[in-house]
Every structure is written in structure tokens, then in C-alpha cells.
Amino acid sequence: MQERSERTRRRLVYAGAELFHRNGYANATLGEIASAAGVTKGALYFHFASKDELAEAVQQRGCALLHDAVRALRESGATPLQALIDTTHWLAWTLHEDPAVAASFRITKECGPAPRGPSGARPAVVDFHGAWISAVCTLLRMARDTGEVAAAGRGWESAEALVVAAACGIEVMSGTGMPYGELQRKVTALWALLLPTLVAAGRGREYRTQPATAADTAVDADGGAWPGSREPGDFLGDGMPGTHPVRSGR
């Protein structure tokens, strides 16, 4: 019974992510979300008392995916700078493959922490833009502290601002409906330009700017697969085909 309840909750979070991403927080209705999840509104209210609670669950999933991806990259033995490069490729892939991440960005934009949110909009519980920037800055500072990035004073501030702006631009490019293959090439090109400004002369070749591994599955941060996904596996596992079906409504 508990397993069935957890499956229903995952379906609701997935459906909520799809519709928040596609239609926006204000336009997505609980009736549409329940219908997309294949459950009654009563079942939805059993798990979530309001649309606010469901949006919070979607953003919590987005954050869990981000944190799990960064942790997996660090535990794989990647240097902080290589982990940062791979994390940006992970974002490009996940924006097309898991609606929770794209929805988390959109919810933050539409209901963003006060006073940034539109008049009358409920502030988002999670500032996903802030979470993404924090992950990028943390890895970049680790790279500085280990000597990978040689920057200090104003030079460091400029380098950090440049990398953060480039990393945030990935979500913007994805939001235009850009195909994943094209987005992947643009992220690779970004790092080809960024690396010479971050590392000592001649060291840029030590880093891989293309994605080496990626997700062929969509894995639930709570341990179960999304509805319609393949068997659960490592989100950073086997090869990343550029023509994988898009499930996020783009």
C-alpha cells in the first residue's frame, strides 16, 4: 500500500513538473495535473493540500537532482573544474530530459523570492536560480582553492562573474526550444572560450570540454524511476545520444 502511495506521489510530482514547465505556475491547474497523472483530485489532495505544496515538491526534486549530480561527479574523482564543466553539460541534458529542473527554474522566475516575484505572486519556497548559482560558485571556488584556477582579487571576481553568467545562459538557451544536440555543442564551445581565461597557459588541454557520460534514464531522486522511464540507473551513466526523446514538453 505504501509503495503504491509513493508511486502515485511520484506521478503527481512528474505531472506537476510537466505542466508547471509547459504552462507556467499560474496557468497549471490541479485538475489538469491530476488528469495527467491518471489520478483523481481526491488522490492529489491526499498527497498535496495545495498547488503551492506541489510546486514545492517539484522544486525539491529539482534541487535533489542537482545536488546528487554534483556529488556523483565529485565522488567519481573528477577535479573541481572538470566537475563544473560536467555539471553544466548535465544541466543541458537534464533540461531536456527531466521536467522538474526546467519547471524549478520557471517557478522561481514566476513566483520568485520576494520582492522579485510578480505582484500578488506567492514567493517560491526554493530559489532554484540561487541553488544553481551556488553549485557553480562552490565548484569554481574549490577549483581556485586547489590551484586549478589561478585568480585573485578583481581577477577572481571577473572570472567568477563570467562563469556564472555563462552557466545561467544554458537555461536561457534551452528555454528557446533549442535542440539538445545544438545546446550540447554550445556548452562545449563556451568552455573552449572560458578555459584559457581560468587556467594557466597550456593547461586547457588537460580538461574535457565535451560530455563524456550522461543519463540514458530518468531517475527519481527518491529512488524510483519516473513514469515511462527505463530501468532505474545512474543519471550520469551510459552514453548521451543527441537525439534522445524530449519529455519536458518542448
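As the structure is a computational prediction, the values presented were derived from the model and not from experiment. (Residues numbered from 1 in each chain as written. Predicted model: local features only at pLDDT ≥ 70, side-chain atom pairs only at ≥ 80, totals over all residues. Heavy atoms only, no water.)

Novice: What exactly am I supposed to notice about empty space enclosed by the protein here?
Specialist: This structure, assessed with the given rule, holds one cavity of 30 Å³ or more. Volume-wise, the largest cavity comes out at about 40 Å³. What lines the largest cavity is simply Thr-88, Val-163, Ala-166, Ala-167, Ile-170, Leu-190, Trp-191 and Leu-194. Looking at the lining of the largest cavity element by element, the count peaks at four residues for helix α8 (residues 153-175). When its residues are assigned to classes, the lining of the largest cavity shows seven nonpolar, one polar and no charged. (1 Å grid on protein atoms, 1.4 Å probe; cavity = no way out; pocket = protein on both sides within 12 Å on 5 of 7 lines; lining within 4 Å. Points joined across faces, edges and corners; volume = space filled by probe spheres on them. Helix = DSSP H or I, 4+ residues; strand = E, 2+ residues; numbered from the N terminus. Nonpolar A, V, L, I, M, F, W, Y, C, P; charged D, E, K, R; others polar.)

Novice: Got a minute to help me understand the confidence of the model for the protein in this structure?
Specialist: Any segment with low pLDDT has predicted coordinates that should not be analysed in fine detail. Of the residues in the protein, 78% reach a pLDDT of 70 or more, and the chain-wide mean stands at 82. Averaged over each element, pLDDT in the protein is lowest for α8 (91) and highest for helix α5 (residues 80-97) (97). Throughout residues 214-250 the model reports pLDDT below 50, and contacts reaching past four residues in sequence, or to other chains, amount to 91 contacts. (pLDDT = per-residue confidence, 0-100. Contact = heavy atoms within 4.5 Å.)

Novice: Can you help me understand the packing of aromatic side chains in this one?
Specialist: The geometry of an aromatic ring pair is captured by the separation of the ring centres together with the interplanar angle, meaning the angle of the planes. Taken as a whole, this structure holds three aromatic pairs when the rule is applied. On the numbers, 5.1 Å between centres and 75 degrees between planes, the contact of Trp-93 with Tyr-180 is edge-to-face. With Trp-93 in helix α5 and Tyr-180 in helix α9 (residues 180-198), the pair connects residues that are 87 residues apart, well separated along the chain. Summarising the burial analysis for this pair, Trp-93 and Tyr-180 share the class buried. On the numbers, 4.8 Å between centres and 90 degrees between planes, the contact of Phe-105 with Phe-128 is edge-to-face. Placement of the pair is Phe-105 in helix α6 (residues 99-111) and Phe-128 in helix α7 (residues 128-145), with a sequence separation of 23 residues. The class for Phe-128 is buried, based on a relative accessible area of 1%. The residue whose ring lies beneath Lys-51 is Tyr-25, and the NZ or CZ to ring-centre distance is 4.7 Å. Sitting over the face of the ring of Trp-156, Arg-144 holds its NZ or CZ atom 4.4 Å from the ring centroid. (Phe/Tyr/Trp six-rings, centres within 6.5 Å; stacked < 30°, edge-to-face > 60°. Buried < 20%, exposed > 50% of the residue type's maximum accessible area, 1.4 Å probe, protein only. Lys NZ or Arg CZ within 6 Å of the ring centre and 35° of its normal.)

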